[in-house]
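Survey of secondary and tertiary structure
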Amino acid sequence: MNFSTSRGTYFISLIASLMILASCNQPSSVEPPVQPNPNSPYAQELPEGVETSSDGSGNGAWQEEFPGGLDSEAVVGTPYAHIEGMWSRVFNWPLIAIHAALLPNGNIFSFGTAPKNNFGYLELEAFYHDVWNPSQGLGLQAHTSLPNSSETNIFCGGQTLLPDGRLLIAGGDLPFDAGTKLNAFKGVPDLNIYSYETGQLNRSPVQMTRGRWYPTLVNMADGDVTIVGGYDVNQQPTTEVELWEPQTGWKVVRTLDEFKPYFELNWSYPFAFLAPNGWIFFAQTQFAYLNPYKNIMRYAGTRPGATGMGFGSAVMYDEGKILILGGGTKSMARSSAEIIDINSDTPAWKRTNSMTFPRKYPDATLLADGQIFVSGGSSNGLNSMQSAVYHGEIWNPITEQWSLTSPAQRTRMYHSTALLMPDARVLILGGDRPEETANFNGEIFYPPYLFKKDGSGELAPRPLIKSVEDFSYAQTFSLSFARTTSVSKVSLIKLGSVTHSFNMSQRFLKLEFSQKGTRLTINSPTSPFIAPPGFYLLFIFDDQGVPSQAKIVSLK
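Keep in mind the model is a prediction, meaning the values are calculated, not measured. (Residues numbered from 1 in each chain as written. Predicted model: local features only at pLDDT ≥ 70, side-chain atom pairs only at ≥ 80, totals over all residues. Heavy atoms only, no water.)

So, on to the pairing of strand E8 (residues 167-170). Taking every second residue as pointing to the same face, both faces of E8 are buried, with Leu167 and Ile169 on one and Leu168 and Ala170 on the other. Here strand E7 (residues 158-161) folds back onto E8 in antiparallel fashion, the turn holding five residues, of which glycine 165 has a positive phi close to 95 degrees. Pairing between E8 and strand E9 (residues 191-195): four bridges, direction antiparallel. In the strand pairing of E9, isoleucine 169 is matched with asparagine 192. (Buried < 20%, exposed > 50% of the residue type's maximum accessible area, 1.4 Å probe, protein only. Helix = DSSP H or I, 4+ residues; strand = E, 2+ residues; numbered from the N terminus. Pairing = 2+ DSSP bridges.)

Take the sheet that holds strand E41 (residues 551-555) next. Spatial ordering of the open sheet is given by E37-E34-E40-E41, a layout of four strands whose pairing is antiparallel. Edge positions in the sheet fall to strand E37 (508-510) and E41, since each has one partner strand and no second. On average, each strand axis in the sheet is tilted by 30 degrees relative to the strand beside it, whichever way the strands run. Looking at chain direction, strand E40 (residues 534-542) and E41 are connected through five bridges and run antiparallel. Looking across to E41, one finds that phenylalanine 535 is bridged to serine 554. (Axes fitted to C-alpha atoms, helices over the stretch in contact; angles between N-to-C directions.)

Summed over all chains, the structure comprises 24 aromatic pairs. On the numbers, 4.4 Å between centres and 40 degrees between planes, the contact of phenylalanine 109 with tyrosine 194 is tilted. Of this pair, phenylalanine 109 sits in strand E4 (residues 108-111) while tyrosine 194 sits in strand E9; the two residues are 85 residues apart in sequence, bridging distant segments of the chain. Plain terms: the ring middles of phenylalanine 281 and phenylalanine 287 are 5.4 Å apart, the flat faces sit at 45 degrees to each other, and that makes the pair tilted. Each member of the pair, phenylalanine 281 as well as phenylalanine 287, carries the same accessibility label: buried. Taken together, the ring pairs in this structure connect Phe185, Trp213, Tyr214, Tyr231 and Tyr269 into an aromatic cluster. The ring of tryptophan 279 is capped by arginine 298, whose NZ or CZ atom sits 5.8 Å from the centre of that ring. (Phe/Tyr/Trp six-rings, centres within 6.5 Å; stacked < 30°, edge-to-face > 60°. Lys NZ or Arg CZ within 6 Å of the ring centre and 35° of its normal.)

None of this, on its own, says anything about what the molecule does.
Put into structure tokens, the structure is as follows:
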């Protein structure tokens, strides 16, 4: 399959994209949306069931689209792929992946709706879940989609990986009411746990104190999980903060009634992070720290001139550093981006360069090198098809500059998800707009760092991690490698778990190292406050900035 597209056609698409910027903040005047290239060789979704391999390997999708796999020289993008990246074709997904998580075995767990063959838009329910094995290709034969035996509608709950790799899913929604034809949008107190080792999803006999619909889960330094925000069965804010201890279950540690003004009456997936001091940091309009173990909360400043946090995204991209981007109101989107540094008792706030496009409901994904890839969203209105943003953008934390990527093929707005995979690509899934589009499909973005810089559009040779020692905190460990003579960087990224534009798990660390021949001696993270225990992607980079395939490692 030839991925060479007309550069002139691309620039026409880019110019059309830039033309809407003048009107993105004016709801009464909307220009036509940025459209994907209709001549793209991956413009059409392939029929289901056509991607089996002739050799029985299960890799037919890769053999069909990219003969030889990701590292093959046959994979060719445009002459500008090393600058703007490249997208795969659109491929089928069994359900709308409103929730997605990378598991320690490299598989992708997702849920969000009923399967495509019995989907009704008003019936937004997650009584099914899906597990995709990327090594078996893009076809539906690589998926295992099963009914959710827990009898909990886990739609719009919160999820994060526990230190042992199990996926903790807290809350969800009451089932669809067939009589009224309405979704409940009322939080349930159920707790569900998925084991990647057994393949079982089970409801825990231990429930939360209140229902949680749209909650945030925060991994703590000792392996506990703190849950904040969401709405209960009466559609009221769940102001209790609860702490889950694996041995004893849930307990209420605090109520946040006095904190309501600082959530702006919006308790939907609040931006909360484990800070380097071991407390939870709330990155709302006004800042606060919470120690759930001592039931202490203190206010810590404000975002000057801030007018809201809704519909945007946030990510911890370095030790104690958070990027907040996009969002807006129901009628207006923002392109702004802000940095919060929480490495001291008093958070430092500043504006950074704005994105090219205003975006509501974007996904912000840490790349293997620590840059942030922002995809999807709409630049006007609320989940508006007329202003869908197809181009991605990449933020460089060193220069604080944004660069545009090539355009995706499908709209990815509300209910879309994005995850960094072990091969350093980004999986983009889902997205929907009531009764207008339902994305039972996905795309994969190839970041620029995967390509040769000579304009050939070919994938660059990649370094190879041959072996790596187990390691814990504040120690050195060894790694052996091949396919390069010089290593320029070692990075550690926590496995992602994302929903509703917020990845509750991902965080990035750059590790110090020394090299001797084909072995590295690497310094591990010094504290679980900056790297909570659990599973991480470990990448090395050659002297051209090309990443290896990651090793998935456990930090204990």
